[in-house]
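If you want the building blocks of each chain, they are given just below.
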Amino acid sequence: MSKLKVGILGATGMVGQRFVTLLADHPFFEIVAVAASPRSAGKTYREAVGGRWSQTSIAIPSHVADLIVLNANEIETISGQVDFVCCALDMEKEEIHALEEAYARAETPVISNNSAHRWTPDVPMFIPEINPEHVEIIPAQRKRLGTQNGFIAVKPNCSIQPYVPAFHALAKFAPTKASVCTFQ
């Protein structure tokens, strides 16, 4: 099986760096594009993250370190290289909303870490172990966007991800109380 080609939007930020470490040696995915703001574009990934590499227990993966950082606004260039993008951009919500839709309209699936589309009615927000059926809304989104392959899917807020799967499994026992600390 050939690997799916992935681009990471916002690759130089902390969340983008985490995407890099999670996907770098993945058996199903190959990072082929890293993108960020215009000030990072044109540099190698190693130069762009410079002294800001936040993944202290993991070095910058060598096959990603020499990739040239692209401008995240160059939608056609990036879309032409990838099967999908992971979005970890740090911009105003309205800008992210528009950019993610532009990628989807360019027939590039978007897996977003941002909140810009969490309240968009036809964008699934799901935790696969709990509500995989939420992807069934994607055809309606594609109709709205006028796409065949492009779509946007979002993940929920990071503070709920660690405990919701456990709560979901415990729901059949009808617990009445829970205590959660997120330290955010």
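Predicted model only: the values in this text are computed from it and were never measured.

Criteria and thresholds
Residues numbered from 1 in each chain as written. Predicted model: local features only at pLDDT ≥ 70, side-chain atom pairs only at ≥ 80, totals over all residues. Heavy atoms only, no water. Buried < 20%, exposed > 50% of the residue type's maximum accessible area, 1.4 Å probe, protein only. Helix = DSSP H or I, 4+ residues; strand = E, 2+ residues; numbered from the N terminus. Arc of directions from axis to C-beta. Contact = heavy atoms within 4.5 Å. Phe/Tyr/Trp six-rings, centres within 6.5 Å; stacked < 30°, edge-to-face > 60°. Disulfide = S-S within 2.5 Å.

A. Region of the structure containing helix α6 (residues 138-145). If you check which residues of α6 are buried, you get Ile138, Gln141 and Leu145. Seen along its axis, α6 keeps its buried residues to an arc of 60 degrees; they face one direction. In this structure, α6 carries Pro139 and Lys143 as exposed residues pointing more than 90 degrees from its buried face. Residues of α6 that are buried sit in contact with α5 (93-105) and β6 (152-154). Looking at the residues trailing α6, positive phi occurs at glycine 146, about 75 degrees.

B. Spatial organisation of the packing of aromatic side chains. What the rule picks out here adds up to two aromatic pairs. Plain terms: the ring middles of phenylalanine 29 and phenylalanine 84 are 5.5 Å apart, the flat faces sit at 75 degrees to each other, and that makes the pair edge-to-face. Of the two residues, phenylalanine 29 sits in strand β2 (residues 29-36) while phenylalanine 84 sits in strand β4 (residues 84-87), which places them 55 residues apart along the sequence. Of the two residues, phenylalanine 29 and phenylalanine 84, both sit in the buried class. Consider the rings of tyrosine 45 and tryptophan 53, whose centres lie 6.2 Å apart with planes at 85 degrees: the pair is edge-to-face. Judged by relative accessible area, tyrosine 45 falls into the buried class, the value being 0%. A relative accessible area of 16% places tryptophan 53 in the buried class.

C. How the structure looks around the state of the cysteines. This model, assessed by the stated rule, comprises zero disulfides. Cysteine 86 takes part in no disulfide bond, and the closest cysteine sulfur, belonging to cysteine 87, lies 9.0 Å away. A relative accessible area of 5% places cysteine 86 in the buried class.

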